[in-house]
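Each chain, written out:
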Amino acid sequence: MSDNGKAIIQVRNLRHSYQEGDGVKEVLHGINLDLSRGEIVIIMGPSGSGKSTLLKLIGAQLTLQKGEIVVDGHRLQGATPAELRRIRREMGFIFQSHHLINSIKVVQNVQLPLAFDNRVTAESSKERALEVLGTVGIADQANKYPSHLSGGQRQRVAIARALVRKPHIVLADEPTASLDQKSGREVVGIIRKMAKDLGVTVVLVTHDNRILDIADRIVSLVDGNIADA
C-alpha cells in the first residue's frame, strides 16, 4: 500500500501498441501520470485517443508492454497472473454496460465480488451487500431482479458491486453513456460522494461534457498523448 504522501497510482513512460492489419499501431506514446488518494480524475479525449486502453492498463486488464505502473504500492510490471488477479480484486470497476446477471437478485449481484474472500461468510456477505446498497440509495430494491430496474438503478447496483470490497481505487469507463441526463447526474453524484466520503480514488473515462464538474482534475488524451494534466 502506498504512503498517504505518495500518489496512489503512478504511470511512467507508458507505451502500448495494437496489431493493425500487417503492422503495429502505437496508441499510447509515453504517458506519465500521478493520481492522488481520494482524487476524482476524468480522462477525456476523442474516440481512438487511448482512454480506455489507459484505464484497462491501470486496472491490470491488459498486459503491460512498455513503461511502468504502480497501483497502491503494487508494481504491475513483472507481476504474476495470480498477483495481477489479487491487484484487480482490490479495485472496483464500473462499466458503460453494467454487466449485471439477470438470473440472480440485486443483492446477490453485489455479493459476487466477495465470493473470492475466504474471510466472508454468506451472512456477512449479504450484510455487507445490503450496507453498500444503502450507501447508493437503493437498498429497497435488493430483492428485485436487475431486469425490473431502470437504467439508472442498474448503474447504482453496479456502483454498489464496485464498492462492496471497500476498494481504494474505482475505475469507471463511460458510466453515464447509456443514461439520460437526470439518471446520469444521479450516478455521478453518487460517484463523487463515495470518493469524498470514503476516500476512494476515482479514474473516470467519459465523453459526457455534462459531468465534468465532479472532477478534481481533467486529463485530456489526444492521439495517445496527454495534452493537459
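First, a word on scope: everything that follows refers to the structure included in this document. Everything numeric in this text was worked out from a predicted model, so none of it was measured.

Right, let's get into the overall build of the protein. Along the backbone of the protein there are six helices and ten strands. Its C-alpha atoms give the protein a radius of gyration of 18 Å, near enough to 17 Å, the size a compact globule of 229 residues would have. Based on the C-alpha atoms only, the size of the protein along its principal axes is roughly 50 × 40 × 40 Å. Every one of the 229 residues in the protein was classed for burial, and the buried ones make up 47%. Within the structure as shown, the protein displays about 11100 Å² of accessible surface, and the carbon and sulfur contribution to it stands at 47%.

As a further point, take helix H4 (residues 122–135). Over its 14 residues, H4 runs 20 Å from end to end, which matches the ideal 20 Å to within 8%, given 1.5 Å per residue. For H4, every residue scored as buried is listed here: Ser 125, Arg 128, Ala 129, Val 132 and Leu 133. Viewed end-on, H4 has its buried residues packed into an arc of 135 degrees, placing them on one side of the element. What points out from H4, more than 90 degrees from its buried face, is the exposed set Glu 123 and Glu 127. On the buried face of H4, the contacting elements are helix H3 (106–111) and helix H5 (151–163). Immediately beyond the C-terminal end of H4, within one or two residues, lies Gly 137, with a positive phi of roughly 75 degrees.

To continue, consider the packing of aromatic side chains. A complete count under the given rule lists one aromatic pair for this structure. An angle of 5 degrees between the planes, with centres 6.3 Å apart, marks the rings of Phe 93 and Phe 95 as stacked. On the basis of relative accessible area, Phe 93 is assigned to the buried category, the value being 15%.

In this section: the nonpolar core. Ranked by internal contacts, the top residues of the largest apolar core, which has 37 residues, are Val 110, Leu 133, Ile 159, Met 194, Val 202 and Leu 204. Contributing elements (two or more residues each) for this core: strand E3 (40–44), H3, H4, H5, strand E7 (169–173), helix H6 (181–198) and strand E8 (201–205). Looking at this core, the element that brings in the most residues is H6, giving six residues. Val 110 has contacts with Ala 129, Val 132, Leu 133, Val 157, Ala 160, Arg 161 and Val 164, leaving out every residue within four places of it along the chain. Core analysis: the second largest hydrophobic core is formed by 31 residues, Leu 28, Met 91, Phe 93 and Leu 221 among them.

Rules used in this analysis
Residues numbered from 1 in each chain as written. Predicted model: local features only at pLDDT ≥ 70, side-chain atom pairs only at ≥ 80, totals over all residues. Heavy atoms only, no water. Helix = DSSP H or I, 4+ residues; strand = E, 2+ residues; numbered from the N terminus. Rg over C-alpha atoms; globule rule 2.2 N^0.38 Å. Buried < 20%, exposed > 50% of the residue type's maximum accessible area, 1.4 Å probe, protein only. Areas by Shrake-Rupley, 256 points an atom, 1.4 Å probe, with all protein chains shown as cover. Expected span 1.5 Å × (residues − 1). Arc of directions from axis to C-beta. Contact = heavy atoms within 4.5 Å. Phe/Tyr/Trp six-rings, centres within 6.5 Å; stacked < 30°, edge-to-face > 60°. Core = buried A, V, L, I, M, F, W, Y, C linked by side-chain atoms within 4.5 Å.

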